[in-house]
Amino acid sequence: MIVVTTVCVISGLHVATKLGMTHWHILFRELYYLPIILSGLWFGLKGALATSLSITAVYLPFSLLVSDVFSSPFFNNLMEMVLYNVMAVVLGLLSDREKEHHKKILDLERLAAMGKAVSAVAHDFRAPLMAVGGFTLSVLKKLDREDPSYRKLEIVVNETRRLENMIREMLDFARPVELHCRAESVNNVIMECVSLLQTLAEEHMVAFHLELNDGIAPFHFDPERVKQALINLMVNGIQASPQKGFVLIGTSMLEDHVLVEISDSGPGVPAEKREEIFQPFVTNKKGGTGLGLPIVKNILDSHGGKIELSESRCGGASFRLFLPRREAVDTASASGVAPDGPE
C-alpha cells in the first residue's frame, strides 16, 4: 500500500507541476527510485519489477506528452526508465538471495536446536528401553510357545525393537555426518543393498528391477553412508509398492555427477507435499519418525550432492540422488569430514 501510494503521489506531482518547471520534474523523476527500492527490499524481484514496470507505464506517456520523441529530454527520460527496471532486477535478485540466505541460517539454527533436543531425549530413553527389551527377551526364551504369556511378551519385544530403531534414527539425525570416503563402485553398493533387502521384498511380494550403467567408474564417496541412504529409500519403496509391484533402481552418468534413481510403483507423493517431505518429523507412514528422509538428505548434502523427489514413470515416487563424481569432497573441511580416513 505504501509503494502504491508513493507512486501515485509522485505521478500526481508530475501532473500538477507546470511543464516549464524542469528542475522539479527532474526531482520527481528521481523520487521514483524510492518505491522501487522499497518494493525490492520488501517483496523481492517480483515486487520490484512490478513497481518499475508500473512506473514505466505511467511515466512513458507523460514523457511523450511533454517532449518530442527524438528530443534530448525524451532520450534522458527513456534512459531513466531503463535504469528503473535495471535497478529493480538487481535489487530484487539481491533481496531474494539475502532472504534465501537468511532462511537457510534460520533453518540451520532450528535444526541444530532440534538435534540437541532429540539427542537428549533419545539418550535418556535408550538405556531403560534396552533394559526392558533385554529382560523381556530373556524371560521369553524360557517360555513355551503354548504359554498364554508368550504372545504378549513377543509383542513387547517387537515393540521394543521398533522403539530402538526409532531412537537410532533420532541419534543418526542429531549427530553430525562424518564421511570416510574412498574410491568405490556405486553399482556394487547398490547390489549389496538389494541383497540385504531381498528377503523383505519377497515378504511384501515386490520385485527389484535394476538398470545399472556398467560404464560408471569408481569414484570417491562414503560407501557406508550412501548404503544407509539407499537402504532407507529402498525400504520406503518396498513398503509403498503394492503386492506384485516393483522398485526400479537405475544409475547413469552426468557431466560431473552420478545419478542414482530409485522409483516405486506405489501411490506416490502429492506435489504439494514434495518440498516438506524432507523436513524433520514429517511422515506419511504410520509409526514412522519422519527422520528417514532428512537423514538421507543430510548424507547427500555432506557429499556435496542433492536429492530430488518427482513422480515415477508408473505414478509412484522417484527419488533422484546426485553424487559428485570427483576425487575429493569439497565440503569435507566445512562439516568435520574425514575425506579418505579409515573406516
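Every chain's residues receive numbers from 1 upward, in the order its sequence appears when written. Selection of residues for local features in this predicted model requires a pLDDT of at least 70, selection of side-chain atom pairs for listing and counting requires 80 or more, and totals for whole chains, interfaces and linings are taken over all residues. The basis for the side-chain values is all heavy atoms of the structure; hydrogens and waters are excluded.

Some words on the packing of helix H7 (residues 223-240) against helix H8 (residues 292-302)
Remark: H7 packs on H8, axes separated minimally by 9 Å, with the N-to-C direction vectors making an angle of 145°. With respect to the hand of their crossing, H7 and H8 are arranged in left-handed fashion. Side by side, H7 and H8 meet where Arg 225, Val 226, Gln 228, Ala 229, Asn 232, Leu 233 and Asn 236 of the first sit next to Gly 292, Leu 293, Ile 295, Val 296 and Ile 299 of the second. A fitted line through C-alpha atoms represents every axis, and for helices the fit uses only the stretch in contact; the resulting angles, taken between N-to-C directions, go from 0 to 180 degrees. Strands here mean DSSP runs of E at least two residues long; helices mean DSSP runs of H or I at least four residues long; both are numbered from the N terminus. Throughout, a crossing is termed right-handed when the near helix is turned clockwise from the far one, and left-handed when it is turned anticlockwise from it by less than a right angle. For this analysis, residues touch if any pair of their heavy atoms sits within 4.5 Å.

Section: the pattern of salt bridges
The term salt bridge refers to a pairing of a side-chain nitrogen on Lys or Arg with a carboxyl oxygen on Asp or Glu at a separation within 4 Å. Evaluation of the coordinates by the stated rule reveals ten salt bridges. Among the salt bridges present, the one from Glu 30 reaches Arg 29, with a minimum N-O distance of 3.4 Å. The buried label applies to any residue whose accessible area, calculated with a 1.4 Å probe on protein chains only, is under 20% of its type's maximum; exposed applies above 50%, and partly exposed to all values in between. The class for Glu 30 is partly exposed, based on a relative accessible area of 32%. Relative accessible area serves as the criterion here: at 11%, Arg 29 is assigned to the buried category. Residue Glu 308 is joined to Arg 320 by a salt bridge in which the shortest nitrogen-to-oxygen separation is 3.9 Å. On the criterion of sequence distance, the pair formed by Glu 308 in strand S6 (residues 306-311) and Arg 320 in strand S7 (residues 317-324) is long-range, its members being twelve residues apart.

Re the packing of aromatic side chains
Each Phe, Tyr or Trp ring, with Trp reduced to its six-membered ring, pairs with another whose centre is within 6.5 Å; inter-plane angles below 30 degrees give stacked pairs, above 60 give edge-to-face pairs, and intermediate values give tilted ones. Enumeration according to the criterion identifies six aromatic pairs in this entry. Taking 5.9 Å as the distance between ring centres and 75° as the angle between the ring planes, the aromatic pair formed by Tyr 32 and Tyr 84 counts as edge-to-face. With Tyr 32 in the loop between helix H2 (22-31) and helix H3 (33-66) and Tyr 84 in helix H4 (residues 72-141), this residue pair connects regions lying 52 residues apart in the sequence. For the pair Tyr 32 and Tyr 84, one class covers both residues: buried. Ring plane angle 45° and centroid distance 4.8 Å describe the contact between Phe 219 and Phe 221, whose orientation is recorded as tilted. When sorted by exposure, Phe 219 lands in the same class as Phe 221, which is buried. Taken together, the ring pairs in this structure connect Tyr 32, Tyr 33, Tyr 59 and Tyr 84 into an aromatic cluster. Throughout this description, the term charge over a ring refers to an Arg CZ or Lys NZ atom that lies within 6 Å of the ring centre and within 35 degrees of the ring normal. Above the ring of Phe 322, the side-chain terminus of Lys 306 is found at 5.2 Å from the ring centroid.

Things to note about the confidence of the model for the chain
Residue-level confidence of the predictor, termed pLDDT, takes values from 0 up to 100. When pLDDT is averaged across the chain, the result is 81; 85% of the residues are at 70 or more. Mean pLDDT per element in the chain: helix H5 (residues 148-174) is the minimum at 78, and strand S5 (residues 257-264) is the maximum at 93. For the stretch residues 328-343, pLDDT sits under 50, and the model shows 31 contacts to residues farther than four places along the chain or on other chains.

Here's the deal with unusual backbone geometry
The backbone phi angle of Met 205 is positive, close to 55°, even though this residue is not glycine. Mapped onto the elements of the fold, Met 205 is located in the loop between helix H6 (186-203) and strand S2 (206-211). Its relative accessible area of 40% is what places Met 205 among the partly exposed residues. In this model, Lys 244 sits at a positive phi of 70°, which is unusual for a non-glycine residue. With respect to the secondary-structure elements, Lys 244 resides in the loop between H7 and strand S4 (245-253). Take Lys 244: its relative accessible area is 72%, and that puts it in the exposed class.

A closer look at the nonpolar core
One finds Phe 208, Leu 230, Met 234 and Phe 319 to be the most contacted residues of the largest nonpolar core, which totals 39 residues. Ignoring anything within four residues of it in the chain, the contact list for Leu 230 reads Val 189, Ile 190, Cys 193, Val 260, Ile 262 and Leu 321. Counting 13 residues, the second-largest nonpolar core is a separate cluster that includes Ile 10, Tyr 32, Phe 62 and Tyr 84. Only buried residues count toward a nonpolar core, which is a set of Ala, Val, Leu, Ile, Met, Phe, Trp, Tyr and Cys residues joined through side-chain atoms within 4.5 Å.

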